[in-house]
Amino acid sequence: MGGDSESEPNIVQERVIEKATRLFASLGYDGTPAQTIADAAGLDIATVTDLVGGKREIYMTVMRRSHLATQAMLDSALAEFTPDRAGVLLVVDRFLDFHIDHPEIPELWIHRWMSDAADITGVEALYLKPNRDRINDAFRGVVGSNMDLDVNLEVIVWCIRGFVVGGMLSPKGEPHGPRDTVYLQRFRAHLHQLVTRMLRLDG
């Protein structure tokens, strides 16, 4: 066994998944050789395969964990949800704050927008749709039956992912991400305005 031969297997597994998550988020699935994951974890390929499987299995574990983390955030947010503008904005804010705290998650999904891991199909149905359906169900009673909520939710998600990963440009052309409190406040205020108007929450 390469690397920490005396470590507990689950500790080593966690290290592999952590390193793989960062690599997939940064380089994409297609741009991350299995050897790179093994090297980052300080292990050999055979040990990685024995512990967590091949690159495809590791990727699916990473995506499943991102789904479960998002699900846990939504559990908390929807437990406080009220069927009104304040409730909708609470969920939107929690979604934004969660992605700021876990930027690897929007990065993983943005890679899939660009056809990364195109040979691994069904990931969206497994790990994206269930959480999106929960938000849809919660918001449906607030926005009315004539609203194309599916499209509007996608727009909200696109905006949040784009800001978290790409930030905003200053008048001088300098990028400012969500760790810049001034730009975060500006984006959040605009996001509230966008959601309120798109979903017609202002009456």
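Calculation notes
- Residues numbered from 1 in each chain as written.
- Predicted model: local features only at pLDDT ≥ 70, side-chain atom pairs only at ≥ 80, totals over all residues.
- Heavy atoms only, no water.
- Phe/Tyr/Trp six-rings, centres within 6.5 Å; stacked < 30°, edge-to-face > 60°.
- Helix = DSSP H or I, 4+ residues; strand = E, 2+ residues; numbered from the N terminus.
- Lys NZ or Arg CZ within 6 Å of the ring centre and 35° of its normal.
- Buried < 20%, exposed > 50% of the residue type's maximum accessible area, 1.4 Å probe, protein only.
- Contact = heavy atoms within 4.5 Å.
- Expected span 1.5 Å × (residues − 1).

Asker: Outline the packing of aromatic side chains, supporting the account with residue identities and numerical values.
Answerer: Summed over the entire model, instances satisfying the criterion amount to five aromatic pairs. Taking the centre distance of 4.1 Å and the plane angle of 5° together, the rings of phenylalanine 163 and phenylalanine 187 count as stacked. Of the two residues, phenylalanine 163 is situated in helix 9 (residues 149-166) and phenylalanine 187 in helix 10 (residues 181-198); the sequence distance between them amounts to 24 residues. Taken together, Phe24, Tyr29 and Tyr59 form an aromatic cluster joined through their ring pairs. Sitting over the face of the ring of tyrosine 29, lysine 55 holds its NZ or CZ atom 4.2 Å from the ring centroid.

Asker: Hey, could you go over the side chain of asparagine 131 for me, with residue numbers and the actual values?
Answerer: For asparagine 131, the location among the structural elements is in helix 8 (residues 129-143). Accessibility expressed as a relative area gives 5% for asparagine 131, which makes it buried. Those residues in contact with asparagine 131, other than ones at most four positions away along the chain, are His67, Thr70, Gln71 and Leu74.

Asker: Can you break down helix 4 (residues 55-79) residue by residue, with the values?
Answerer: For helix 4, with 25 residues, the first-to-last C-alpha span of 36 Å sits near the 36 Å given by 1.5 Å per residue. Looking at helix 4, one finds that the buried residues are Ile58, Tyr59, Val62, Met63, Ser66, His67, Thr70, Met73, Leu74, Ala77 and Leu78.

Asker: So what's going on with unusual backbone geometry? Which residues, and what values?
Answerer: Residue serine 115 is not a glycine yet carries a positive backbone phi of 70°. Here serine 115 is to be found in the loop between helix 6 (104-113) and helix 7 (123-127). Despite not being glycine, alanine 117 has its phi angle at roughly 55°, a positive value. For alanine 117, the position within the fold is in the loop between helix 6 and helix 7.

Asker: Outline helix 5 (residues 85-101), listing residues and values.
Answerer: Look at helix 5: 24 Å from first C-alpha to last across 17 residues, which is about the 24 Å you get at 1.5 Å a residue. Listing the buried residues of helix 5 in full gives Gly87, Val88, Leu89, Val91, Val92, Asp93, Phe95, Leu96, Phe98, His99 and Ile100. For helix 5, the elements touching its buried residues are helix 4, helix 6, helix 8, helix 9 and helix 10.

Asker: Break down the environment of valine 143 for me, citing the residues and quoting the values.
Answerer: As for its position among the elements, valine 143 is in helix 8. On the basis of relative accessibility, which here comes to 9%, the residue valine 143 falls in the buried class. Each C-alpha atom of the pair valine 143 and leucine 194 lies 14 Å from the other, and the pair is 51 residues apart in sequence. Beyond its immediate sequence surroundings of up to four residues, valine 143 is in contact with Leu149, Leu199 and Leu201.

Purely geometric numbers; function is a separate question.
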